[in-house]
Amino acid sequence: MNQISPMAFVHPEAQLGDNNIIGPFCYIDKNVIIGDNNVFQNSVTLNYGCRLGSNNEVFPGASLSTKPQDLKFKGEDTICEIGDNNSIRENVTISRGTASKGKTKVGNNNLLMENMHIAHDCVVGNGCIIGNSTKFAGEVIIDDFAIISATVLAHQFCRVGSYVMIQGGSRFSQDIPPFIIAGKEPIRYAGVNLIGLRRRGFSADIIRNIHDAYRIIYQGTNTRTDALKEIKEVIPMSPEIQYIVDFIEKSERGIIK
């Protein structure tokens, strides 16, 4: 049974699961679908097109599935899809999609800290930590287990790889490949995320191979194409090394220096 404050508004066409707690001054629009066991503290807004899973906690002032801040948006029927077990802190805003992709997607087990913004058509994976006041422009992709510190600005269409750590206050307009630390001004490669990889259970051999791959990429004199060719020839292939190679080969904006 859901617990709905008498001071909350829930549109009669909204679809609610079971055992949700909806605090005072919350607003739940039509064409919203909610799973089970979610907690909405006071003054949370779930706008048209929101799809929210189960076991999420949403803090005051958050606004999910907002109208895209994109002048190309013409009112098309799009959604914002959010998974399970997320902590969405105060004043977080997440826009729904546009005709470009049709949806904005946030996965499971993420911590989205106060005042951060996810723009239209972004894709955020699982297990990510996104710091206070960080902003993602449209169609940014964040792979699993990335840690992005406070007040980071991500240019539209950029991609951030898994297990990355990005220094607070950074801004970037190129892709950030997986397993690394990125920071300084202007942003650049600052080494492999050794502590993060160890905490996540990566073996010493895999970490060494990742380190060797990035030594070829960032410390050699070869072009990116030649560096990737050398990696394929001299480093034992594994899912992690293949991920690095594929990420860089598919990068449309290029990777940070």
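For the structure itself, look to the data block above.
Residues numbered from 1 in each chain as written. Predicted model: local features only at pLDDT ≥ 70, side-chain atom pairs only at ≥ 80, totals over all residues. Heavy atoms only, no water.

Asks: Is there a simple way to think about the sheet that holds strand β17 (residues 117–118) in this case?
Replies: Sheet strands pair by backbone hydrogen bonding; their relative direction is either parallel or antiparallel. Strand order in the open sheet made by the nine strands is β2-β5-β8-β11-β14-β17-β20-β23-β26, with parallel pairing throughout. The sheet is open, and its two borders are formed by β2 (9–10) and β26 (171–172), each paired with just one other strand. Both strand β11 (residues 63–66) and strand β14 (residues 93–95) contribute to a ladder of three bridges, which runs parallel. In the strand pairing of β14, T66 is matched with S95. (Pairing = 2+ DSSP bridges. Helix = DSSP H or I, 4+ residues; strand = E, 2+ residues; numbered from the N terminus.)

Asks: Honestly, helix α3 (residues 224–234) in this entry has me stumped. Any pointers?
Replies: Along an α-helix, residues three or four apart share an orientation, since each turn contains 3.6 residues. Every buried residue of α3 is accounted for by A227, L228 and I231. End-on, the buried residues of α3 take up no more than an arc of 95°, which puts them together on one face. Facing away from the buried side of α3 by more than 90 degrees, the exposed set consists of T225, K229, E233 and V234. (Buried < 20%, exposed > 50% of the residue type's maximum accessible area, 1.4 Å probe, protein only. Arc of directions from axis to C-beta.)

Asks: Help me out: how do you make sense of the sheet that holds strand β10 (residues 57–58) in this one?
Replies: Spatial strand order, β1-β4-β7-β10-β13-β16-β19-β22-β25-β27-β28: eleven strands in an open sheet with mixed pairing. Of all strands in the sheet, those with a lone pairing partner are β1 (3–4) and β28 (188–192), marking the two edges. As defined by bridge partners, strand β13 (residues 87–88) adjoins strand β16 (residues 111–112) across two bridges and the pair is classed as parallel. Considered in β16, the bridge of S87 is made with L111.

Asks: Looking at this structure, how should I read the pattern of salt bridges?
Replies: Opposite charge on two side chains permits pairing when their charged atoms draw close. The final tally for this structure, using the stated rule, is nine salt bridges. With a closest N to O distance of 3.1 Å, K103 and E81 form a salt bridge. Of this pair, K103 sits in strand β15 (residues 103–106) while E81 sits in strand β12 (residues 79–82); the two residues are 22 residues apart in sequence, bridging distant segments of the chain. A relative accessible area of 30% places K103 in the partly exposed class. (Salt bridge = Lys/Arg side-chain N within 4 Å of Asp/Glu carboxyl O.)

Asks: Whenever I open this one, the packing of α3 against helix α4 (residues 239–250) confuses me. Can you help?
Replies: How two helices sit against one another is set out by the angle between their axes and by the gap between those axes. The geometry of α3 relative to α4 is characterised by a closest axis approach of 11 Å and an angle of 165° between their N-to-C directions. Relative to α4, the element α3 lies roughly antiparallel. When you trace α3 past α4, the crossing you get is left-handed. Touching L228, I231 and K232 of α3 are I241, V245, I248 and E249, all from α4. Classifying every residue of the contact of α3 with α4 gives five nonpolar, no polar and two charged. (Axes fitted to C-alpha atoms, helices over the stretch in contact; angles between N-to-C directions. Parallel < 35°, antiparallel > 145°, perpendicular 65-115°, else oblique. Left-handed = near helix turned anticlockwise from the far one by under 90°. Contact = heavy atoms within 4.5 Å. Nonpolar A, V, L, I, M, F, W, Y, C, P; charged D, E, K, R; others polar.)

Asks: For this particular structure, what's the right way to read the nonpolar core?
Replies: Considering soluble globular proteins, one finds that nonpolar side chains tend to be buried as a cluster. If you look at the biggest cluster of nonpolar residues, it comprises 71 residues, and the most contacted ones within it are F136 and Y214. Breaking this core down by element, the ones donating at least two residues are β9 (50–52), β12, β27 (180–183), β28, α2 (204–219), α3 and α4. By residue number, the principal contributor to this core is α2, which donates eight residues. (Core = buried A, V, L, I, M, F, W, Y, C linked by side-chain atoms within 4.5 Å.)

Asks: Just to check I follow, could you spell out the pairing of β27 for this structure?
Replies: Residues in a regular strand point their side chains to alternate faces of the sheet. Bridging between strand β25 (residues 165–166) and β27 involves two bridges; their strand directions are parallel. Bridge assignment links I166 to a residue of β27, and that residue is A182. The pairing of β27 with β28 spans three bridges and is antiparallel. By the bridge assignment, A182 is partnered in β28 with Y189. Linking two consecutive strands that pair antiparallel, namely β27 and β28, is a turn of four residues; a positive phi of about 70° is found at K184 within it.

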